[in-house]
Amino acid sequence: MDTPLAPGLYIVATPIGNLGDISHRAVTTLRGVAAVACEDTRVAGKLMQHIGLKQRLIRYDDHASTETRDHILGLAAQHPVALVSDAGTPLISDPGYRLVRAAREAGIAVTSIPGPSAVIVALTLAGLPSDRFLFAGFLPNKAKARADVLTELGAVRATLVFYETAPRLTDALAAIAEVLPGREVSVARELTKKFEECRTGTPADLIAHYTAQPPKGEIVLLVAPPGDGPAAGLDPDALLRAALVHSKASQAAAEVARLTGLDRKTLYARALELK
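The sections below set out a description of the structure shown in this document. (Residues numbered from 1 in each chain as written. Predicted model: local features only at pLDDT ≥ 70, side-chain atom pairs only at ≥ 80, totals over all residues. Heavy atoms only, no water.)

1. Looking at unusual backbone geometry
Trans peptide bonds make up most of the peptide bonds, and negative phi angles are found at most residues other than glycine. As a reminder, the rule being used: Working definition: helices are DSSP H or I runs of at least four residues, strands are E runs of at least two. Numbering for both runs from the N terminus. When accessible area is computed with a 1.4 Å probe and restricted to protein chains, residues below 20% of their type maximum are described as buried, those above 50% as exposed, and intermediate ones as partly exposed.
For Leu 91, which is not a glycine, the phi torsion comes out positive at approximately 80°. Within the secondary structure layout, Leu 91 lies in the loop between strand E4 (80-84) and helix H4 (96-105). For Thr 192, which is not a glycine, the phi torsion comes out positive at approximately 70°. With respect to the secondary-structure elements, Thr 192 resides in the loop between strand E8 (185-189) and strand E9 (197-201). Take Thr 192: its relative accessible area is 18%, and that puts it in the buried class.

What follows is the structure, given as structure tokens:
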């Protein structure tokens, strides 16, 4: 017989594809809670059916009201309540952190039940440096905003990890090629599922492949860190062009100087030429 759970909020990681990845502890926890807060009751319902449970499900997503959050907290103050995402570890690119923050502020115990995460699975498959990485969620949809994010993060000495959708993949790869030329890139998709794939190469090679064979499924996009030296892996002209879209030449030069360590006056002169 399972030991009864104390009241509180239980953050439960669930499979990202292969249902066999759910842990014994996760199943035991879900069996012992009074309710499960989830992004989509249909997705959570399938998981519950797989593990033979019929728990009460409460929808909690980006559009959840303050009243819904307060209702979940009220339950968690008196009973054990679980929080799950559609797949993987809650709070990673989903709204769960607000619930956790509110629970802590209310003095409600919070316990995490660790498990699958697409970010970690992709890092273990890609063959890129994994000692330091920066997860930045989804890249923006609009070209300018996407270039701005890549420009901002390009100098970080860590592997960059993003989520991406299949229809936007080649646009994202093209942006990486433009803003961060020379970087090795990995595309990991359908992780833990039957058609799992992880390809590593140049953006141009990956664009050619996925143009000929349009991708499906959920995608993790990884970008290798810069090499040695203050400007390694960064193309000043590409950075200046991206900055000039939204800034004056002087501002663009200052921004690229900060990212690369190159001389601001030299960059300003080059910005005037490019403009």
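Continuing now.
2. Digging into the sheet that holds strand E6 (residues 133-138)
The following threshold applies: Two strands pair under a simple rule: DSSP has to find at least two bridges between them. Think of each axis as a best-fit line through the C-alpha atoms, taken over the contacting stretch in the case of a helix, with angles from 0 to 180 degrees between the N-to-C directions. Contacts are assigned to residue pairs with any non-hydrogen atoms lying within 4.5 Å of each other.
One open sheet holds the five strands; their spatial order is E6-E7-E10-E8-E9, and the pairing between them is mixed. Edge positions in the sheet fall to E6 and E9, since each has one partner strand and no second. Across the sheet, the mean angle from the axis of one strand to that of its neighbour is 15°, orientation sign disregarded. Here five bridges tie E8 to E9, and the two strands are oriented antiparallel to one another. Residue pairing in the sheet places Ala 188 in a bridge with Cys 198 of E9. Running at roughly 160° to strand E7 (residues 159-164), helix H6 (residues 143-153) makes contact with E6 and E7 of the sheet. Where helix H7 (residues 169-179) meets the sheet, it contacts E7, E8 and strand E10 (219-223), and its direction lies at approximately 5° from that of E10.

3. Some points on the environment of Lys 144
As for its placement among the helices and strands, Lys 144 is situated in helix H6. The spatial distance from the C-alpha of Lys 144 to the C-alpha of Ser 112 is 37 Å, given a sequence separation of 32 residues. Excluding residues that lie within four positions of it along the chain, Lys 144 makes contacts with Val 245 and His 246.

Limitation: the analysis is restricted to geometry and does not speak to function.
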